[in-house]
Amino acid sequence: MFSELSIFAQALRSLGHQRNMTGETVILAYSGGLDTSCILKWLLDKQYEVICVLADVGQKENFAAAEKKALSIGAKKVIVADVKQSFVEDYIWPAIQMGLVYEERYLLGTSLARPCISVALIEAARQHGAKYLAHGATGKGNDQVRFELCAYALKPDLKIIAPWRDVEFCRQFQGRQDLIAYARHHGIEVSAKPAAPWSTDANILHISYESGILEDPNTVAPANLYEMTVDPLTEAPREPLRLVIEFDRGLPTSVEDLASSRVYTKPLEILRFLNELGGLYGIGRIDIVENRYVGLKSRGVYETPGGTILFAAHQDLEVFSLDREVLRTKQVLRDRMADYVYNGFWFSPEATYSRRCIELAEQRVSGKVTVELAPGYCRPVARKAAESVGALYNEQLVSMDVHGGYVPQDAGGFIAINAVRIREHVRAFGPYEVPKQDK
């Protein structure tokens with residue numbers, strides 16, 4: 001009797017769940033690839049009406065073909081959201097201004113794109129009265145956290161459907177081969193060309209490569225992996241090239257190519273130009289193991305040509321412009337902000353606070369930096385502060401040819417005071433011993 005009642009209750013719950021699902025609108029973060037195409041069909045099988053949102057953040061994509069594919073599968077509507085300009089101006093430029101770098105190496109190309117894409121998803125949800133947001137992020141990665149935290153910050157009543165965390169979905173699909181079989185069974189187009197043995201995520205700031213053969217951190221990434229940059233050792237020009245990059249309050253405002261005298265002033269065109277030149281010189285490649293927010297270590301290969309050039313120029317001007325202690329305080333906030341962005345907290349009180357503090361320091365980071373590009377790297381070779389903000393650098397004061405107001409005798413007292421602690425340590429414990437090397 002108990003088992004019959006239990007089965008009956010379970011059936012009622014299932015019917016209720018299906019009734020709640022029927023006709024409900026889901027916004028799907030769609031890429032046109034295998035995963036999200038299968039997720040689209042799976043959602044349709046669950047009686048949802050699905051609106052696909054494909055965000056254009058500067059990746060090389062056949063958006064018309066992706067739209068056609070989604071409609072052929074059964075999507076109610078496909079929205080191609082062109083957010084490239086917003087991505088550059090509202091996310092990449094502030095990241096350059098703040099000097100964001102995660103674990104000293106990663107310039108946050110994927111992490112910065114997620115809040116920008118999330119805004120497009122939420123706008124679609126509001127326009128179409130959708131109660132659900134679905135995405136194809138895996139259950140082991142950072143993107144699930146980023147998309148969902150952004151969604152809850154922008155529209156907290158939205159319900160999330162994450163198929164790669166759904167027990168039924170994961171039972172049906174173990175991996176790529178199951179998805180391919182499902183796609184073929186339902187007439188969903190599967191790329192005829194063999195997939196690369198790694199996964200790729202691209203936007204106008206960078207391309208990331210991970211998974212597949214790259215999961216072994218001791219495997220050298222193949223030479224044919226890179227798409228934005230040439231091999232700096234064999235293909236980059238040998239002749240260096242110089243640029244002048246101008247900043248206003250830490251934000252890039254113009255780039256001048258000294259070889260051609262061409263000047264670029266719009267953020268989107270600046271980044272495109274620097275990507276082209278940086279790619280030509282093989283600048284911006286990194287191969288790292290990083291710490292994911294969910295607790296795993298992962299190996300990633302990244303190429304960020306234009307962003308690397310801007311980061312180097314901004315960092316140089318920042319050290320030149322800022323008071324020493326302001327710079328160090330700012331760097332502490334920078335590292336915290338990089339964590340917030342990487343972990344998905346772009347829209348959070350702590351990120352807002354940190355960003356405003358950094359912006360206050362950046363008020364004095366205005367001027368020009370001359371950057372030299374060479375095979376595989378870029379380096380600042382000259383810098384000048386904007387007249388409107390002045391400069392802490394005092395050429396006369398630092399000169400070795402004139403005293404310039406500096407009293408050398410004062411340095412003796414400065415050294416003596418700093419030596420008090422060292423001398424007391426020696427008094428108490430004896431002189432420091434120089435370690436001897438075994439011969």
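Cut-off values and rules
- Residues numbered from 1 in each chain as written.
- Predicted model: local features only at pLDDT ≥ 70, side-chain atom pairs only at ≥ 80, totals over all residues.
- Heavy atoms only, no water.
- Axes fitted to C-alpha atoms, helices over the stretch in contact; angles between N-to-C directions.
- Helix = DSSP H or I, 4+ residues; strand = E, 2+ residues; numbered from the N terminus.
- Parallel < 35°, antiparallel > 145°, perpendicular 65-115°, else oblique.
- Contact = heavy atoms within 4.5 Å.
- Salt bridge = Lys/Arg side-chain N within 4 Å of Asp/Glu carboxyl O.
- Pairing = 2+ DSSP bridges.
- Core = buried A, V, L, I, M, F, W, Y, C linked by side-chain atoms within 4.5 Å.
- Buried < 20%, exposed > 50% of the residue type's maximum accessible area, 1.4 Å probe, protein only.
- pLDDT = per-residue confidence, 0-100.
- Phe/Tyr/Trp six-rings, centres within 6.5 Å; stacked < 30°, edge-to-face > 60°.
- Lys NZ or Arg CZ within 6 Å of the ring centre and 35° of its normal.

Undergrad: Help me get a handle on the packing of helix H6 (residues 143-154) against helix H11 (residues 324-343), residues and values and all.
TA: At their nearest, the axes of H6 and H11 sit 8 Å apart, and the two run at 95 degrees to each other. When the axis of H6 is compared with that of H11, the two are roughly perpendicular. In this structure, H6 contributes Val145, Arg146 and Leu149 to the contact, and H11 contributes Val341, Tyr342 and Asn343.

Undergrad: How would you explain the pattern of salt bridges if you had to name every residue and give the values?
TA: The final tally for this structure, using the stated rule, is 23 salt bridges. Of the charged contacts in the structure, one is a salt bridge between lysine 76 and glutamate 49, with a shortest N-O distance of 3.2 Å. Residue lysine 76 is located in the loop between helix H3 (63-73) and strand E3 (77-82), and its partner glutamate 49 is located in strand E2 (residues 49-56); the two are separated by 27 residues in the primary sequence. Salt bridges linked by common partners bring Arg114, Asp143, Arg146 and Asp201 together as one network.

Undergrad: Can you tell me about the sheet that holds strand E1 (residues 25-29), naming the residues and giving the values?
TA: In spatial order, the strands read E3-E2-E1-E4-E5; together these five strands make up an open sheet with parallel pairing. Every interior strand has two partners, whereas the edge strands, E3 and strand E5 (159-161), have only one. Recorded for the sheet is a direction-independent mean angle of 25 degrees between the axes of neighbouring strands. Note: strand E4 (residues 132-134) against E5, three bridges, orientation parallel. Of the residues in E5, the one forming a bridge with tyrosine 132 is lysine 159. In the packing of H3 onto the sheet, the strands contacted are E2 and E3, and the crossing angle to E3 comes to about 155 degrees.

Undergrad: Hey, could you go over the nonpolar core for me, with residue numbers and the actual values?
TA: In terms of nonpolar packing, the biggest core is built from 76 residues, with Ile27, Phe87, Ile92, Leu108 and Leu373 touching the most fellow members. Considering every element that reaches this core, the biggest residue donor is helix H5 (residues 109-128), with nine residues. Dropping the residues within four chain positions of it, isoleucine 92 is found in contact with Phe87, Leu112, Ile204, Leu205 and Leu271. Counting residues in hydrophobic clusters, the runner-up holds 28 residues, among them Leu43, Cys52, Ile73 and Val78.

Undergrad: Provide a residue-level description of the confidence of the model for the protein, including the pertinent values.
TA: As a general rule, the predicted coordinates of low-pLDDT regions are not to be interpreted in detail. Across the protein, the average pLDDT comes to 92, with 94% of residues at or above 70. This model gives residues 1-20 a pLDDT under 50, and the stretch forms zero contacts once residues within four places in sequence are excluded.

Undergrad: I'd like a description of the packing of aromatic side chains, backed by residues and values.
TA: In total, this model carries 13 aromatic pairs according to the counting rule given. On the numbers, 6.1 Å between centres and 90 degrees between planes, the contact of tyrosine 106 with tyrosine 342 is edge-to-face. In this pair, tyrosine 106 is assigned in the loop between helix H4 (84-98) and H5 and tyrosine 342 in helix H11, connecting sequence segments 236 residues apart. Residue tyrosine 106 shares its accessibility class with tyrosine 342, and that shared class is buried. Consider the rings of phenylalanine 169 and phenylalanine 173, whose centres lie 4.7 Å apart with planes at 45 degrees: the pair is tilted. Here the two residues phenylalanine 169 and phenylalanine 173 agree in accessibility, since each one is buried. Taken together, the ring pairs connect Trp42, Trp164, Phe169, Phe173 and Tyr182 into an aromatic cluster. A cation over a ring is seen here: arginine 146 above tyrosine 342, with NZ or CZ 4.9 Å from the ring centre.

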